[in-house]
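Overview (structure and organization)
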Amino acid sequence: MSDKDIKKATRHVNQNEGLIFERSSPGKKAYRLAPLDVPEVDYKKVLGAAAREDLGNMPEVSEMEIIRHFTRLSTWNYAIDLGMYPLGSCTMKYNPRVNEVVARLYGLAEAHPYQPEKISQGALRIMKTLSEALIEITGMDAITLQPAAGAHGEMTGILLMRAFLQSKGNPRKKILIPDSAHGTNPATAAICGYAVENLKSNAHGMVDISALAAQMNEDVAGLMLTNPNTLGIFEQEIHKIADILHEKGGLLYMDGANMNALVGKTRPGDFGVDVMHLNLHKTFSTPHGGGGPGCGPVACKKFLEPFLPQPVMVEKADGTLGFDYNRPQSVGRVRMFYGNFGMHVRALAYILANGPDGLRQTTEDAVLNANYIRKKLEGDYELPYKSASMHEVVFSDRIQAQKGVKTGDIAKRLIDYGFHPYTVSFPLVVHGALMIEPTESESLEELNLLVDAMKSIAREAEEDPEMVKNAPYMTRVSRLDETAAARKPVLRWRPAQAQSASE
Ligand SMILES: *Cc1c(COP(=O)(O)O)cnc(C)c1O
C-alpha cells in the first residue's frame, strides 16, 4: 500500500484533509416530518418576496452526521475542562459548576430587564449584595456593575476621573502609564481624550519613584497602575506613589485585573487608590475567553460617586430596592440595563461559597503556586526580575534564544505536552517574555506536569532546537498564519459555490 492509499483510507481521521469536512450528499435529511394532514399551500405565494430559493447549496446530511461533525470539532479544541491554561494575566481559574447551576435558576435566568422593580427584588438584592461584597474586598466606597469587560471598566473609571477634574474646572491633558502596562490602559486613556505618557520601570520592575515625581505636574490627570503589575510584582512604594499624585491634584487609577493576588490580604482603598476596576471573569470565577460575556465593575472613593454611570441602585425607605435615574453629574450609561447580570450571579455565588477565609486561602494558594513554578524553573529559564512574585511569574527566553528558540516556539512545543500555552511576549518590558499564571485551581500534581514539560522543552531547545522551532506536531494544524487568522478570520461555513463567487 502506498502512502497515498493510506492517506485516503484514513481521511476520516486525518485532520488536514478538506474532504472530511464536507459530508454532504444529495437527498439526505436530518429530520423526518409527519405526513401532511392539512391542504398544501404554495409557500411562494404565502411568503412573497421573503421566500428563499437560494438554499440549494446547503449541506444535506443525516442527523448522526451532524452530531458527529460538531462533536468531532469540539474535540479539536483545547479547553479549561481538559487541562491547565497557564495564561498569565488572564487568571484562567476553575469556574465551579455550582455557579452555573445558580445562574440557570429559572427566576434569575428568565428575569427580564424591563420587568417592574417590585417583582425584580431578588435580582436587585443579588446585585446589591455583590456590590457590598466587592466594596468590602476593595476597600472602596461605591461601585457600578455596568461595564461588560476590564477594558470597559477602565474607560468608565477614567471617565469618572475626567468628570471629577472637569467639575473642578480642568480635566487636564495627560495620563501616566508604566511601561509594563496592559495594552488596554493606553488605549483607554486615548479614547477618553488623554495623551499617554510612558513611565519607566526601575531595575526591580516597579514604578521608578523619582521618574514619577519628575513627570507629575498639573497637566497630569492621573496614573493608571496595575498592582501587582504585569510582571507579577507588588508595587512596594504604593503609598508614596499615591501621595505624589495626590499632592499635585492627580488621581490614582488601579487596573484591578490582578486582584487574584490581593483578595482578602490587602485593599486598594487602603493604599491610596481612588478608582479601580475588577475583572469578575478573572478573579471571581466567571467563564471567559472566546468572546463570551464579561464584567468589569468599577469601584471608587466617595468623592467620585456622583459621577458613576446611571442609574444607581438605591435602598428605599420601605426596604425595597430600586434605581435612581436622577444623577445630574453622572457620566451617563455605559451599558444597556444593568450590565451582564448572569456574571453578577456567578461572582456572588463564588464569593459566598468561599467566604472571607476561603477567598483569602484562594489568594495564598495562587501566590504559592506561582512561586512553586518560579522556584522549579528558575534554573531552566532566565528570570529577568528577581523581585518577589505574587500570583504570576515572568521568565524570558534569553537562554533558549541563543539556540534560536523563541518564546513563541516554546509555547508551541508546550501544546504537544498537553498544555495551553502561557502568555507569549507580554509584558513588553521583558524581551521574549514567558508569563505563567497557574492560579490556585491547579493541584501539585498538575503543577509538576507543567514543570516537567517546561524542563523537557528547555532540554530539547538545547539539544534539538530545530525540532522545537517546528512544533507543534500533535495538533490538527501546526503553524498558522497568525496575522491572517486575526485579520481575515474564517468564522463560518459557506457553500462551495457562493464561496468561490465571493472570492
Ligand atoms: C485582562 C486584563 C485587562 C483587560 O480586561 P478585558 O476584560 O479583557 O477587557 C486589563 N488589564 C490587565 C492587567 C488584564 O490582565
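Residues numbered from 1 in each chain as written. Predicted model: local features only at pLDDT ≥ 70, side-chain atom pairs only at ≥ 80, totals over all residues. Heavy atoms only, no water.

With that settled, consider the overall build of the protein chain. Within the protein chain one finds 18 helices and 12 strands. Here the protein chain holds 503 residues, and the buried ones make up 46% of them. By sequence separation, contacts in the protein chain at least 24 residues apart represent 68% of the contacts at least 6 residues apart. Carbon together with sulfur atoms contributes 55% to the accessible area of the protein chain, which is approximately 25,800 Å² in total. Of the charged side chains in the protein chain, 56 are positive and 60 negative; the average position of the first set lies 4 Å away from that of the second. (Helix = DSSP H or I, 4+ residues; strand = E, 2+ residues; numbered from the N terminus. Buried < 20%, exposed > 50% of the residue type's maximum accessible area, 1.4 Å probe, protein only. Contact = heavy atoms within 4.5 Å. Areas by Shrake-Rupley, 256 points an atom, 1.4 Å probe, with all protein chains shown as cover. Lys, Arg positive; Asp, Glu negative; His and termini not counted. Charge placed at Lys NZ, Arg CZ, Asp CG, Glu CD.)

Another point: the confidence of the model for the protein chain. With 96% of its residues at a pLDDT of 70 or more, the protein chain shows a mean pLDDT of 93. A low-confidence stretch, residues 498-503 stays under pLDDT 50, and its non-local contacts, those more than four residues away or across chains, total two contacts. (pLDDT = per-residue confidence, 0-100.)

Interfaces are often described in size by the accessible area the parts lose on coming together. The domain architecture assigned to the protein chain consists of domain 1 (12-76), domain 2 (97-353) and domain 3 (365-487). Placing the centre of domain 1 and that of domain 3 at their C-alpha centroids yields a distance of 43 Å. (Domains from an automatic or database assignment.)

Our next topic: empty space enclosed by the protein. One pass over the structure, following the stated rule, counts four cavities of 30 Å³ or more. Empty space within the largest cavity amounts to approximately 50 Å³. Lining the largest cavity we find Leu231, Ile233, Arg374, Leu383, Tyr385, Ser387, Ser389, Val393 and Val394. Grouping the amino acids of the lining of the largest cavity by side-chain chemistry returns six nonpolar, two polar and one charged. (1 Å grid on protein atoms, 1.4 Å probe; cavity = no way out; pocket = protein on both sides within 12 Å on 5 of 7 lines; lining within 4 Å. Points joined across faces, edges and corners; volume = space filled by probe spheres on them. Nonpolar A, V, L, I, M, F, W, Y, C, P; charged D, E, K, R; others polar.)

This part takes up the environment of Phe307. One can find Phe307 in the loop between β7 (298-300) and β8 (312-315). On the accessibility criterion, Phe307 (4% relative accessible area) is buried. Spatially, the C-alpha atom of Phe307 lies 58 Å from that of Lys29, the residues being 278 residues apart in sequence.

Leu134, Phe284 and Ile351 are the most contacted members of the largest nonpolar core, which totals 55 residues. Elements with a minimum of two residues in this core: α6 (121-138), α9 (209-215), β4 (220-226), α10 (238-247), β5 (251-256), β6 (275-278), β9 (321-324) and α12 (341-377). Ignoring sequence-local partners within four residues, the contact set of Ile351 consists of Leu130, Ala133, Leu134, Ile137, Phe284 and Leu359. Grouped together as the second largest cluster of nonpolar side chains are 24 residues, Ala411, Leu414, Tyr422 and Leu447 included. (Core = buried A, V, L, I, M, F, W, Y, C linked by side-chain atoms within 4.5 Å.)

Around the ligand lies a shell of 13 residues, among which Ser89, Gly150, Asp255, His281 and Lys282 are the nearest. His281 has a polar side-chain atom sitting 2.6 Å from an oxygen atom of the ligand. One of the side-chain nitrogen or oxygen atoms of Lys282 is found 2.7 Å away from an oxygen atom of the ligand. The protein chains hide 85% of the 380 Å² of surface that the ligand would expose on its own. Listed by contribution, the elements that provide at least two residues to the shell around the ligand are α7 (150-167) and α11 (280-283). If you tally residues by element for the shell around the ligand, the top one is α7, at three residues. (Near = heavy atom within 4 Å. Polar contact = N/O pair within 3.5 Å; in protein donor to acceptor, adjacent residues only side chain to side chain.)

Glancing now at the packing of aromatic side chains. In this structure the tally under the stated criterion is nine aromatic pairs. For the pair Phe337 and Tyr338, a centre-to-centre distance of 6.5 Å together with 55° between the ring planes defines the contact as tilted. Residue Phe337 is classed as partly exposed on the basis of its relative accessible area of 24%. Taken together, the ring pairs in this structure connect Tyr114, Phe323, Phe337 and Tyr338 into an aromatic cluster. Positioned above the aromatic ring of Tyr194, the side-chain terminus of Arg162 is 4.7 Å from the ring centre. (Phe/Tyr/Trp six-rings, centres within 6.5 Å; stacked < 30°, edge-to-face > 60°. Lys NZ or Arg CZ within 6 Å of the ring centre and 35° of its normal.)

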